[in-house]
Amino acid sequence: MTTPSTILDVRDLSIAFPTKAGDRRVVNQVSFDLKRGEVLGLVGESGSGKSLTVLSLMKLLPANALIPEGQINFLGSDLVPASDEAMRRLRGRDIGMIFQDPFSSLNPVRKIGDLLIESVCRHQKVSRAKAREIAIQALTDVSLPAPAERIDHYPHQLSGGQRQRVVIALAAINNPSLLIADEPTTALDPTVRMQVLGLIQRMAAERSAILVTHDFGAAAQICTKVAVMYYGRIVEMGSTVDVLTNPQHPYTRALIAAVPRFSTTHEFSPIPGDPPKATERFMGCSYLPRCPLAGDDCRALPPLVARNGRAVACWRSAETLAEETSTR
Ligand SMILES: Nc1ncnc2c1ncn2[C@@H]1O[C@H](COP(=O)(O)OP(=O)(O)OP(=O)(O)O)[C@@H](O)[C@H]1O
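Residues numbered from 1 in each chain as written. Predicted model: local features only at pLDDT ≥ 70, side-chain atom pairs only at ≥ 80, totals over all residues. Heavy atoms only, no water.

## Focus on the pattern of salt bridges
Any two side chains of opposite charge can pair, so long as their charged atoms come close to each other. Evaluation of the coordinates by the stated rule reveals 17 salt bridges. E118 is the salt-bridge partner of R110, the closest N and O atoms lying 2.5 Å from each other. The class of R110 is partly exposed, set by a relative accessible area of 25%. In this structure, the salt-bridge partner of D297 is R316, at a minimum N-O distance of 3.0 Å. (Salt bridge = Lys/Arg side-chain N within 4 Å of Asp/Glu carboxyl O. Buried < 20%, exposed > 50% of the residue type's maximum accessible area, 1.4 Å probe, protein only.)

Laid out in structure tokens, this is it:
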């Protein structure tokens, strides 16, 4: 239910692409909500539908994509029927987006200050001089060294980590209620990666944020809750601590086991098999071909069942099996 602190409430969102054989759903009945101060990790392998889910929140889906059902309630209004004009006003003001590749947000032939100042002037009624002040403050907030000088630099004059800090400053400059970061650290080296994740966590504390990542380790570091996606559906969702310490879905367990760790005792276990191709169709559980627990019951689609703050879509999850055993 939507409460006053709820910033985003996504209900039964599906995304499809038209094909000769009919519309092909690549995101299926995804639901989650986000309250002020929460950071949601959307975690899953490539092709699971994470990026399309967050692009739909900003209405930046590919032109041929369809939303056959669902609602995106953002600050109390459904964005699915919102006009292009309304979305242009909203993007950068109420929702800030941090993309994987800083060069996709930073025009290489423009000084970083120009991009920041333009964004302020588009959404706030302030003079250019005031906008420059706000821009320098935004660069200070993301701990960019010498912000008053760097504001007149071009993106190529900055390191990869500094560029990503500028992208975060650009996403947050108009104080949006929601920050969306899509694989923001993939192109960074490990130490810079930790700093950038820490920065996103700090920026998210006063608002709300979604981190899209294939790396459970990154989600564990900064997210308050996680939704694990597989083949276009959420298969498990709950608080990060609960999911991490007691994963219920076999896919979540496999994802956690696949996180590389510095330990002589931990065995790194890549997930066997491949995720299904977009063209494959499943009547039952799409994880069945890779699942060590699969049984005959898995030929029917498992519903996402919510219990005690955790939602799991698995006929054979630990909780389900424990219940089966205790009722025998
Ligand atoms: N323009 C498009 N036309 C048709 N299918 C598409 C299009 N864009 C994405 N898809 C399909 O939608 C599915 C979900 O894609 P999406 O990019 O959301 O996955 P993802 O989990 O974000 O993966 P990645 O981490 O690789 O970005 C994939 O099967 C992809 O092939």
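Don't stop here, the text continues.
## Focus on the environment of I134
On the secondary structure map, I134 appears in helix 5 (residues 128-141). I134 sits 41 residues away from R93 along the chain, and the two C-alpha atoms are 14 Å apart. Dropping the residues within four chain positions of it, I134 is found in contact with V120, Q124, V126 and I173. (Helix = DSSP H or I, 4+ residues; strand = E, 2+ residues; numbered from the N terminus. Contact = heavy atoms within 4.5 Å.)

## With respect to the sheet that holds strand 2 (residues 22-35)
Spatial ordering of the open sheet is given by 2-1-4-5, a layout of 4 strands whose pairing is antiparallel. Either end of the sheet is taken by a strand with one partner, and the two such strands are strand 2 and strand 5 (77-78). Against the sheet, helix 1 (residues 50-57) touches strand 1 (6-19), strand 2 and strand 4 (66-74), its axis set at about 115° to strand 1. (Pairing = 2+ DSSP bridges. Axes fitted to C-alpha atoms, helices over the stretch in contact; angles between N-to-C directions.)

## Re the packing of aromatic side chains
Note on aromatic pairs: each is described by the distance of the centres and the angle between the planes. Using the criterion set out here, one finds 3 aromatic pairs in the structure. Here the aromatic rings of Y230 and Y287 are separated by 5.1 Å at their centres, their planes lie at 85°, and the arrangement is edge-to-face. Of this pair, Y230 sits in strand 9 (residues 225-230) while Y287 is found in the loop between helix 11 (250-257) and strand 11 (305-307), placing the two residues 57 residues apart along the sequence. Y287 matches Y230 in its accessibility class, with the two residues each being buried. (Phe/Tyr/Trp six-rings, centres within 6.5 Å; stacked < 30°, edge-to-face > 60°.)

## Description of helix 7 (residues 160-172)
Taking 1.5 Å per residue, 13 residues should reach 18 Å; helix 7 reaches 19 Å between its end C-alpha atoms and fits that length. The buried count for helix 7 comes to 12 of 13 residues, which makes it a mostly enclosed element. Here helix 7 has its buried residues at G161, Q162, R163, Q164, R165, V166, V167, I168, A169, L170, A171 and A172. (Expected span 1.5 Å × (residues − 1).)

## With respect to the site of the ligand
Around the ligand, a shell composed of 13 residues is seen, among which S46, G47, K50, S51 and L52 lie nearest. One nitrogen or oxygen atom from the main chain of G47 is found 2.7 Å from an oxygen atom belonging to the ligand. In isolation the ligand has 640 Å² of accessible area, and contact with the protein removes 66% of it. Among the secondary structure elements, those contributing two or more residues to the shell around the ligand are strand 2 and helix 1. Here the shell around the ligand takes 3 residues from helix 1, the largest share from any one element. In terms of residue class, the shell around the ligand is built from 5 nonpolar, 5 polar and 3 charged. (Near = heavy atom within 4 Å. Polar contact = N/O pair within 3.5 Å; in protein donor to acceptor, adjacent residues only side chain to side chain. Areas by Shrake-Rupley, 256 points an atom, 1.4 Å probe, with all protein chains shown as cover. Nonpolar A, V, L, I, M, F, W, Y, C, P; charged D, E, K, R; others polar.)

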